[in-house]
Every structure is written in structure tokens, then in C-alpha cells.
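Per-entry structural report
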Amino acid sequence: MAEVSLRKVVKSYETFHAVHGIDLDIADHEFVVLVGPSGCGKSTTLRMVAGLEEITSGEIRIGGDLVNDMPPRDRDIAMVFQNYALYPHMSVFENMAFGLRLRRFERGAIKQRVDRAADVLDIAPLLTRKPKALSGGQRQRVAMGRALVRNPRVFLFDEPLSNLDAKLRVQMRTEIKKVHQIVPTTTIYVTHDQVEAMTLADRVVVMNAGRIEQVGPPQELYHAPASRFVAGFIGSPGMNFLPVRLIAQQEGLAVQLRDGTTLAVPRSRTERYGPFAGSEMVLGLRPEHITDQFDPTREGIEKMTVTVDVVEPMGMETLVHFLIGGTPVIARCDPVGEATPGQPLRLGVNMGRMHLMMPDGDGRMV
């Protein structure tokens, strides 16, 4: 097991820059998830760590060793892909043992490792089956087992759950987390699914256009995003963004929405936001901070009435869509509430959880 370090790592394809000089330190035993939209550079970064892509410039170290020019087989890493890549003519046991046989492990050591991995992954009864007799989730467990028996310094996962159905993905998320708790190998996991990132990671690395936007624990990224991109990407549904004007009133600061509605800014934010009074800004509010279930006496709660556009019952909650000054907004409401399309609805806005950001391209938080 080992720490992984990236320093000024660049990957270019002629005139296209896939990764722009990223720096990242991953501690021994840490589970780090790289997340971002398609084309952001996350899989390219993983493949450079694995040695499957040459780096254009920079340094990659595993356990303190410089691996820039080291072939993949010498890096002591194990990789799990979204396609299972199992040999169809081999049994589960043979698929899991294949890599160890290539490395000339003794038969007893191979059996011991395979049996232990099978127990951890709950696939011991499947060891004699061929891949065609397995479900998708079972095949993914076998692919994980093949990596697990290697006892590598680093595990690399490249969107391993993307081919599974929704229910099985939830189950496999739990399995992967459980395996890491039992065998806490340094792990780098790539996904485009922010729910996977939030539930699995010790730390999440949000990437955008080949750059790292923010690194931190899941809750930190959710509650204290560094930019509009992170705020919109982390969370489901994402954060609402409303164009506003920050105005000074006798009682303090307020934001004025496009429809003329004003919402008071908590006094605790006056010093922080005061220098931007009179400026056009963007107000960020997560859907759960706009709701029909609110205490009107609670500090920081502002009230407004909207006209409901669309109602989405989700069972444990209801998502209510509406417009404010032409901008679409989503609120999380009581599943047995009275939201009806075309009808007015009284909502409370928790301004104590507001975010204010610049309206320019990078959308930095203020």
C-alpha cells in the first residue's frame, strides 16, 4: 500500500490539452474519487497513474517511487474497468487466479488468496461457474476479486458500475465501500456519477476541462463549494442559481430577484458581502433550502409565494418546479403537501444557507 502523488501533470494530444498541469496528493489507505462530466480528464488521469497513457510532462509517484517511465506491470497496481474483461472459457476461480499464476505464485498461495477474496466479496459459492452463468453484479465482483488477490499498492477503478442497472449499482456501491473497510488499500475511483462520489469517497476531486476545481471531503464540497461549477455538479438535483442584485437597505443587505422579490441577507453575512453592494450577482440555493415545510419564526427564513409549474412526486419528497423572473427553480417539499401545477404555493427560503457568487465565467464564491 502506498501514497500517490501527482505534480504538474500534463497530457496533450497534439493541439488538444486533456489535462492541464494538475497537482494531487493521495494518502496511504485513502479512497479518492475523481468526478466530473465526460471529457473533463478524469479517466485520462487514472490511465496515466496506471501507466496506460504516457504523461506529456510532470511527475507521478507511487509510494515515493517515480513511475513516469515505469511499465504498468511494475507499478504494483490493480485496475477494475467498466467492462468485466473475464475469460469466458475459465471458471471464476481460474479468472481470479490467472494473474497470480502468471507471476508464478505457488498453488497453495493462489488458493488461499482466491478463497479469501471470494469470502470478502461473497462469491465463494460461484468459484466453479463460468462467467456466462453469472449476473452482471456477480461478474463485477469477480473482476474486483481478480484485482483484490493481487494485494496491490493501489487500486484503480474506472467507472466500474456504469454498465449495471440502478438497483444493482446501489448494491455494488455498498459492496465496494465494505471491501475498502476490510482491505483499506489506497484507491482511486473514477466516475461521472456524483452520488457515487459522495457515498464512496474519503475525499472527492472535482474535475472540469482538464483542471481540478476543488478537492475535499464530500460534505465540504456539498456545503462549501468553491465555484459555481462545483455547486451545480455536486448534489441531485443541483443547486439553483438565480441572477440577483445585492442591495443595501436600512436593515442591512438584501438580494433583489428578477421579479422584484427581495430576500434579506442574514446579518452574519453583512461584513462578507458588504463590499459587493450594488453589484449584479448570482444567488445559489440548494432545493432543500426552499421548501413548504418551514418555521416562519426561525432566523434567516424568508417567505415568498410562487406559481407551481411542475410537480414531481419522489415518494419520500416532492420536487416542485417553478419560475422566478424566467429562471427555473426547484424546491424540495412535503410529499403530502398541497403543491398543484398552476396554483400558488407559499415557500420558505433558508437564507442562512445561501451562496453568493460572481456572475462571470469562473463563478467564484464570495
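Structure's up top.
How each quantity is defined
Residues numbered from 1 in each chain as written. Predicted model: local features only at pLDDT ≥ 70, side-chain atom pairs only at ≥ 80, totals over all residues. Heavy atoms only, no water. Buried < 20%, exposed > 50% of the residue type's maximum accessible area, 1.4 Å probe, protein only. Helix = DSSP H or I, 4+ residues; strand = E, 2+ residues; numbered from the N terminus. Pairing = 2+ DSSP bridges. Contact = heavy atoms within 4.5 Å. 1 Å grid on protein atoms, 1.4 Å probe; cavity = no way out; pocket = protein on both sides within 12 Å on 5 of 7 lines; lining within 4 Å. Points joined across faces, edges and corners; volume = space filled by probe spheres on them. Nonpolar A, V, L, I, M, F, W, Y, C, P; charged D, E, K, R; others polar.

1. Examining the pairing of strand 1 (residues 4–13)
Within strand 1, seven of the 10 residues are buried, which leaves it mostly tucked inside the rest of the structure. Of the strand pairs in this sheet, strand 1 and strand 4 (residues 57–62) are connected by five bridges, and their pairing is antiparallel. If you follow Val10 over to strand 4, its bridge partner there is Ser57. Examined bridge by bridge, strand 1 and strand 2 (residues 16–26) share seven bridges and lie antiparallel to one another. The residue of strand 2 that forms the bridge with Tyr13 is Phe16. In sequence, strand 1 turns back onto strand 2 through a hairpin of two residues, with Glu14 there showing a positive phi of about 55 degrees.

2. Section: the sheet that holds strand 18 (residues 327–333)
With antiparallel pairing, five strands are arranged side by side in an open sheet as 15-19-16-17-18. The open sheet is flanked by strand 15 (290–291) and strand 18, the only strands paired with a single partner. When strand 16 (residues 301–313) meets strand 19 (residues 344–350), the two strands line up antiparallel, connected through seven bridges. Bridging across to strand 19, Met304 finds its partner in Leu347.

3. Some points on helix 2 (residues 92–102)
By the burial criterion, the buried members of helix 2 are Val92, Phe93, Asn95, Met96, Ala97, Gly99 and Leu100. For helix 2, the elements touching its buried residues are helix 3 (107–121) and helix 4 (136–148). Looking one or two residues past helix 2, Arg104 carries a phi angle of roughly 60 degrees, positive in sign.

4. Some thoughts on the environment of Ile330
Tracing the backbone shows Ile330 in strand 18. Taking the C-alpha atoms as reference, Ile330 lies 8.3 Å from Arg286; in sequence the two are 44 residues apart.

5. A word on the layout of surface pockets
By volume, the largest pocket is sized at about 540 Å³. If you trace the largest pocket, you find 21 residues lining it, with Met79, Phe81, Arg103, Arg146 and Arg150 closest to the centre. Of all the secondary structure elements, the ones that give two or more residues to the lining of the largest pocket are strand 6 (77–80), helix 2 and helix 4. Per-element tally for the lining of the largest pocket: the top contributor is helix 2, with five residues. Here the second largest pocket is characterised by a volume of approximately 200 Å³. Around the second largest pocket sit 13 residues that line it, and Ala264, Val265, Pro266, Arg267 and Glu302 are the ones nearest its centre. Residue composition of the lining of the second largest pocket, grouped by class: six nonpolar, three polar and four charged.

Such coordinate-based values are descriptive only and should not be taken to indicate function.
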